[in-house]
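Residue-level structural notes
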Amino acid sequence: EAEVAQSPRYKITEKSQAVAFWCDPISGHATLYWYRQILGQGPELLVQFQDESVVDDSQLPKDRFSAERLKGVDSTLKIQPAELGDSAMYLCASRPDPGTGSYEQYFGPGTRLTVT
Amino acid sequence: GENVEQHPSTLSVQEGDSAVIKCTYSDSASNYFPWYKQELGKGPQLIIDIRSNVGEKKDQRIAVTLNKTAKHFSLHITETQPEDSAVYFCAAPGSPFGNEKLTFGTGTRLTIIP
C-alpha cells in the first residue's frame, strides 16, 4: 500500500539553527499539506499545495518558515532560525484528486523536532 | 474560520464496553466530517468519515452520527478492544468542499482497560 514518506523521523537542533524536513506524497496526489502538531493538540495546517502552487499559507510564520514543492511532487519545509517554541511534530499529508470522490488525507509518520 | 471542540480529552473504558467521543463545529458550511486515529509515534489515520447528506454511518464496530442542526457529530466504538487504545481526532473543513483545509479538534486519548 502506498504511503507518504517523511524524513528525518527525528531532529534535534539548537535554537537559531536552520532545519529542513522532506516529504514525498503518495504518487499521483496533487494536493499536499504540511501540519504542525504540538504535544497534546490536534494538527494545525501550515501550508497547502495544489501541484507546485501554494493554495493556503495563511498560518505559516513567513518570517522564519518557508515551503516549496518545485516540481509538484515532493516538498520541503524549512525553518530558519529555529526557536524553542518550534518544538513539535511536523506532519505531511496528501490527498487524491477531488474527482475521485475521496476527501481522505493520508498522513506520513511525521518528523519530531526538538529545539534546544 | 472553523472552530472544532472535542470532548472528552481523556476516556477510559473497560474492554468490551462502548466508547463515545463528541465534537461540535461552528461553520454551517462544513459538509464533511472525518475521524482520525493516531497511535504513538505515527501519523493520524482516517477511520471513518461522514458527509452531510446522511445522519449516520457504520463500519463494523465503528459508527459516526451527525446532527447538522445542532452542529455536532459523534464517534461510537462498540465492543472495545485493547488495540482501540489511541488518540482520536475529529475534524471539519469549514467549507462546502472537503478538499479545503481541515480544522482538527484537540483530541481524545482513549484507554481500553483489559
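Residues numbered from 1 in each chain as written. Chains lettered and ligands numbered in written order. Predicted model: local features only at pLDDT ≥ 70, side-chain atom pairs only at ≥ 80, totals over all residues. Heavy atoms only, no water.

**Let's talk about the overall build of chain A**
Counting its secondary structure elements, chain A contains zero helices and eleven strands. Each helix and strand of chain A, ordered N terminal to C terminal, gives the series β-β-β-β-β-β-β-β-β-β-β. Taken against the 2.2 N^0.38 rule, which gives 13 Å for 116 residues, the C-alpha radius of gyration of chain A at 14 Å falls within 12% of a compact globule. Principal-axis analysis of the C-alpha atoms places the extent of chain A at approximately 45 × 25 × 25 Å. In chain A, which comprises 116 residues, the proportion classed as buried is 47%. Partitioning the intrachain contacts of chain A with sequence separation of at least 6 by distance along the chain shows that 52% fall at a separation of at least 24. With the model as given, the accessible surface of chain A reaches about 5,700 Å², and the carbon-plus-sulfur share is 48%. (Helix = DSSP H or I, 4+ residues; strand = E, 2+ residues; numbered from the N terminus. Rg over C-alpha atoms; globule rule 2.2 N^0.38 Å. Buried < 20%, exposed > 50% of the residue type's maximum accessible area, 1.4 Å probe, protein only. Contact = heavy atoms within 4.5 Å. Areas by Shrake-Rupley, 256 points an atom, 1.4 Å probe, with all protein chains shown as cover.)

**What about the interface of chain B and chain A?**
Across the boundary between the two partners, chain B contributes 18 residues, which contact 23 residues of chain A. Interface area, chain B with chain A, both sides summed: about 1,600 Å², of which 51% is carbon and sulfur. At the surface where chain B touches chain A, the tally comes to one salt bridge. The salt bridge partner of Lys101(B) is Asp56(A), with a shortest N-O separation of 3.4 Å. Our enumeration of links across chain B and chain A arrives at five residue pairs in polar contact (both at pLDDT 80 or more). Looking at the side of chain B that touches chain A, the elements that each hand over two or more residues are strand E4 (32–38) and strand E5 (45–51) of chain B. The greatest single-element share of the side of chain B that touches chain A, amounting to three residues, is contributed by E4(B). Class assignment of the residues belonging to the side of chain B that touches chain A gives a composition of seven nonpolar, seven polar and four charged. (Buried area = accessible area lost by both parts, 1.4 Å probe. Salt bridge = Lys/Arg side-chain N within 4 Å of Asp/Glu carboxyl O. Polar contact = N/O pair within 3.5 Å; in protein donor to acceptor, adjacent residues only side chain to side chain. Nonpolar A, V, L, I, M, F, W, Y, C, P; charged D, E, K, R; others polar.)

Keep in mind these values describe shape, not function.
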